[in-house]
Amino acid sequence: MVKRYQINAGILNPESPQKCRFIKDGVLIFNEDGHILYCGQRKQAPLLDSTKIKVPANAFIIPGLIDCHTHLSQYYVRGRSGDTLLGWLKNHIFPAERKFKDTKHAALVSKKFYQRLLSNGITCAALYTNYGAGVRAAFEQAERAGVRAIIGYTLMDRNVPKELKQDPEVAMEECRRLYERYHKASGRLFFSINPRFAPSCSPKLLKAAGDFANKYDVHIQTHISENLQELAEVKRLFPKTKSYAEVYDRAGLLTPRTLLAHGIHLSRSERLLVQKRGCAMVHCPSSNLFLHSGRFPVEQWEDYPRLALGSDVGAGPSFSMFDVMRDAYYINIMPLAQLFYLATLGGAKTLGLEKNIGSLKAGKQADFSVIRMSDMQAPGSEELLYDLIFKWDQREIVQVFVAGRRVWPNC
Ligand code: GUN
Ligand code: ZN
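Residues numbered from 1 in each chain as written. Chains lettered and ligands numbered in written order. Predicted model: local features only at pLDDT ≥ 70, side-chain atom pairs only at ≥ 80, totals over all residues.

Moving on, we come to the packing of helix α10 (residues 321-331) against helix α13 (residues 381-390). Where α10 meets α13, the axes come as close as 8 Å, and the angle between the chain directions of the two elements is 100°. Of the possible angle classes, the one that applies to α10 and α13 is roughly perpendicular. Along the contact surface, α10 presents Phe322, Met325 and Arg326, while α13 presents Leu388, Ile389 and Phe390. Residue classes in the contact of α10 with α13 are distributed as five nonpolar, no polar and one charged. (Axes fitted to C-alpha atoms, helices over the stretch in contact; angles between N-to-C directions. Helix = DSSP H or I, 4+ residues; strand = E, 2+ residues; numbered from the N terminus. Parallel < 35°, antiparallel > 145°, perpendicular 65-115°, else oblique. Contact = placed C-beta atoms within 7 Å. Nonpolar A, V, L, I, M, F, W, Y, C, P; charged D, E, K, R; others polar.)

Here we come to the nonpolar core. Within the largest apolar cluster, 122 residues are counted, with the highest numbers of intra-cluster contacts made by Leu28, Ile61, Ala209, Val282, Leu309 and Met325. When residues are assigned to domains, this core turns out to be shared by domain 1 (4-64 + 359-408) and domain 2 (65-351), each giving three or more. In this structure valine 282 touches Cys68, His69, Leu259, Leu260, Ala261, Ala308, Leu309 and Gly310, once residues within four positions along its chain are discounted. Leu85, Ile93, Phe290 and Ala315 belong to the second largest nonpolar core, which has seven residues in total. (Core = buried A, V, L, I, M, F, W, Y, C linked by C-beta atoms within 7 Å. Buried ≥ 20, exposed ≤ 12 C-beta atoms within 10 Å, placed from the backbone. Domains from an automatic or database assignment.)

Quick look at the domain arrangement of the protein chain now. Assigned domains of the protein chain: these are domain 1 (4-64 + 359-408) and domain 2 (65-351). Computed from C-alpha atoms alone, the centre-to-centre distance between domain 1 and domain 2 is 29 Å. Between domain 1 and domain 2, the contact holds 24 residues from the first and 25 residues from the second. The set of elements that each furnish at least two residues to the side of domain 1 that touches domain 2 consists of α13, β15 (395-402) and β16 (405-408). The biggest single contributor to the side of domain 1 that touches domain 2 is α13, with five residues. By residue class, the composition of the side of domain 1 that touches domain 2 is 15 nonpolar, five polar and four charged.

This part takes up the site of ligand 1. All residues adjacent to ligand 1 are His71, Leu85, Leu89, Ile93, Arg196, Phe197, His223, Glu226, Ser287, Asp312 and Ala315. Broken down by element, the shell around ligand 1 gets its largest block of residues, three residues, from helix α1 (residues 85-98). For the shell around ligand 1, the residue count by class is five nonpolar, three polar and three charged. (Near = placed C-beta within 6 Å.)

Interaxial distance between helix α4 (residues 168-182) and helix α5 (residues 203-216) falls to 10 Å at its minimum, and their mutual angle equals 20°. With respect to their mutual orientation, α4 and α5 come out roughly parallel. Here α4 runs over α5; the crossing is right-handed. Of α5, the residues touching α4 (which contributes Pro168, Met172, Cys175 and Tyr179) are Lys204, Leu205, Ala208, Phe212 and Tyr216. Here the residues of the contact of α4 with α5 are counted per class, giving eight nonpolar, no polar and one charged. (Left-handed = near helix turned anticlockwise from the far one by under 90°.)

Here you go:
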């Protein structure tokens with residue numbers, strides 16, 4: 001017989017960008033294969049024989065958080081300050097990423113990275129890593145950690161140190177092998193193709209990446225229009241192309257499976273092109289503050305259904321999606337319910353995974369965290385969101401589950 005589990009606790013669930021619902025006397029019931037059977041008021045719950053999982057008094061449950069843009073291979077170099085984007089990449093990031101050729105290093109960092117994600121209640125992430133060795137290590141450690149992830153191979157062939165340059169044909173062949181071995185192999189893990197950004201990719205590499213993604217129907221992850229010097233570089237390198245967005249569009253890289261990070265300085269026509277192609281836009285507020293890249297004009301994306309949040313570790317120094325929500329609020333006044341939505345259900349929609357994750361609902365996967373706040377007074381959804389996002393020193397993530405299995409703490 002399939003075993004069932006039940007947790008009695010408060011439940012904070014996103015419903016829409018405008019609405020987040022808190023159930024004080026809630027219950028979550030799920031079975032051991034990871035499906036939610038019931039999530040709602042305890043007094044209306046079906047009578048099911050289930051094993052109770054003990055949680056602290058006053059604990060509450062939130063859906064697993066989703067980080068739609070992060071760099072695994074930048075784990076050790078968070079917080080390297082004093083530069084803006086291009087200098088920071090050259091001085092701190094490229095040297096760190098070169099180390100991922102070493103399988104042992106890649107495995108060790110991947111393991112640490114996933115523990116950090118899970119201990120922050122992040123159960124799903126779209127990420128970048130380097131080299132075939134780095135991608136293999138990232139998949140193998142993700143499988144062990146039990147996390148969900150979209151794992152991308154960072155592609156570059158110009159304006160970077162020679163050790164980081166790939167030949168487009170060789171890289172595509174390697175991507176094909178990685179795709180065949182790992183994509184959807186466990187149901188929780190996906191391979192993606194990540195041309196870093198236009199300044200480090202030749203038109204040939206961009207086109208090869210676009211062709212690959214469209215042939216195999218995988219996600220594309222890249223950066224766009226983050227920094228004004230970067231924009232000048234794109235103009236210099238692609239003098240005949242009208243705009244940055246157009247560079248990607250010509251290579252077949254603007255698709256509904258594309259996750260574009262930053263998008264701070266897009267012109268109106270570029271934004272309309274990105275929206276027409278149905279690409280996802282990932283707002284990375286902590287990174288934008290850290291690298292002094294500029295303000296993401298969130299008001300221009302108000303009703304766009306595929307907007308999400310990313311930590312952009314290591315330009316974003318923190319793994320915590322609550323810190324990312326807080327920084328987003330500091331940059332643009334936004335309703336807290338919307339910020340919570342962007343890091344949960346909105347993130348799931350952005351990744352095309354909303355049938356399975358993003359909120360706690362019968363039929364979806366049991367990905368969630370149990371949280372305790374000290375000094376919490378008579379919580380409603382709004383008070384809980386204030387406390388979660390701004391009172392980091394009073395927030396404790398007690399347990400984290402993915403597909404009904406406890407993944408943190410994992411002893
Ligand atoms: N643009 C190209 N590469 C990167 C990166 O690694 N981080 C950020 N923030 N922007 C980029
Ligand atoms: Zn990034």
